[in-house]
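# Examination of the molecular architecture
One letter stands for each residue in the lines below.
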Amino acid sequence: MTTRTEKMTVSPVIPAMANLLLGGLWTLSVFAGWGLAAFCGREESPESCVDRLIVVSTLSGLCAFIAATCTVIGLLPPLMRRYPEKSLVLVAVATASWLLALGVLYVGGLVGR
């Protein structure tokens, strides 16, 4: 009796789109003013809110830089063809880093509010 084992593969389009959406959400939250609208209260002065969000955005930006780097390296065609498992691990690390960047931004915005 022979057993047949098939490897389940994930299309690189799915994690690439997830990373693109998470990166877009982070970018709009930091640079398009979504963070200011979400985390600045009416009783708080605009200067203190902007100062707080600059600190939070900088900390979050470190995670976003790691995420963007892992996404680009993980989706390079030569790496994907030769080492698909390593490429998928890099893209998974990128997804986790995007989630961490958004989490830092969200928690940092709420703590100061």
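Structure first, text after, so check above.
Okay, so let's go over this structure. These numbers come from a predicted model, not from an experiment.

Next up on the list: the packing of aromatic side chains. In this structure the tally under the stated criterion is three aromatic pairs. Ring centres 5.9 Å apart and planes at 85° place the aromatic pair Trp 26 and Phe 31 in the edge-to-face group. Relative to Tyr 106, the ring of Phe 39 has its centre 6.0 Å away and its plane inclined at 70°; by these criteria the two rings are edge-to-face. Remark: Tyr 106 occurs in helix 5 (residues 84–111) and Phe 39 occurs in helix 2 (residues 34–39); sequence separation between them is 67 residues. For Phe 39, a relative accessible area of 9% puts it in the buried group. Through successive ring pairs, a cluster of aromatic residues spans Trp 26, Phe 31 and Trp 98. Positioned above the aromatic ring of Tyr 83, the side-chain terminus of Lys 86 is 4.9 Å from the ring centre.

Let's shift gears to the packing of helix 1 (residues 13–31) against helix 3 (residues 46–74). Taken N-terminus to C-terminus, the directions of helix 1 and helix 3 make an angle of 155°; their axes are 11 Å apart at the nearest point. On the basis of their axis angle, the class for helix 1 and helix 3 is roughly antiparallel. In the packing of helix 1 onto helix 3, the handedness of the crossing is left-handed. Along its contact with helix 1, which presents Asn 19, Trp 26 and Val 30, the element helix 3 presents Ser 57, Ser 60, Gly 61, Ala 64 and Thr 71.

In this section: the environment of Pro 84. Structurally, Pro 84 is set in helix 5. Given the relative accessible area of 41%, Pro 84 is considered partly exposed. Once the C-alpha coordinates of Pro 84 and Thr 9 are considered, the two residues, 75 residues apart in sequence, prove to be 9.2 Å apart.

Moving on, we come to a nonpolar patch on the surface. Taken together, the side chains of Tyr 106, Val 107, Leu 110 and Val 111 define a hydrophobic patch exposed on the protein surface, amounting to about 410 Å² of accessible area. Along the chain, the position of Val 107 falls in helix 5.

Let us look at the side chain of Ser 87. Positionally, Ser 87 belongs in helix 5. A distance of 2.2 Å separates a polar atom in the side chain of Ser 87 from the backbone oxygen of Gly 74. Apart from the residues within four sequence positions on either side, Ser 87 is in contact with Gly 74, Leu 75, Leu 79 and Met 80.

This part is about the environment of Glu 85. With respect to the helices, strands and loops of the structure, Glu 85 is situated in helix 5. You can call Glu 85 partly exposed: its relative accessible area is 48%. Linking Glu 85 and Gly 74, residues eleven residues apart in sequence, is a C-alpha distance of 9.9 Å.

Cut-off values and rules
- Residues numbered from 1 in each chain as written.
- Predicted model: local features only at pLDDT ≥ 70, side-chain atom pairs only at ≥ 80, totals over all residues.
- Heavy atoms only, no water.
- Phe/Tyr/Trp six-rings, centres within 6.5 Å; stacked < 30°, edge-to-face > 60°.
- Helix = DSSP H or I, 4+ residues; strand = E, 2+ residues; numbered from the N terminus.
- Buried < 20%, exposed > 50% of the residue type's maximum accessible area, 1.4 Å probe, protein only.
- Lys NZ or Arg CZ within 6 Å of the ring centre and 35° of its normal.
- Axes fitted to C-alpha atoms, helices over the stretch in contact; angles between N-to-C directions.
- Parallel < 35°, antiparallel > 145°, perpendicular 65-115°, else oblique.
- Left-handed = near helix turned anticlockwise from the far one by under 90°.
- Contact = heavy atoms within 4.5 Å.
- Patch = residues over 30% accessible without salt bridge, like charges linked within 9 Å, V, L, I, M, F, W, Y side chains within 5 Å.
- Areas by Shrake-Rupley, 256 points an atom, 1.4 Å probe, with all protein chains shown as cover.
- Salt bridge = Lys/Arg side-chain N within 4 Å of Asp/Glu carboxyl O.
- Polar contact = N/O pair within 3.5 Å; in protein donor to acceptor, adjacent residues only side chain to side chain.

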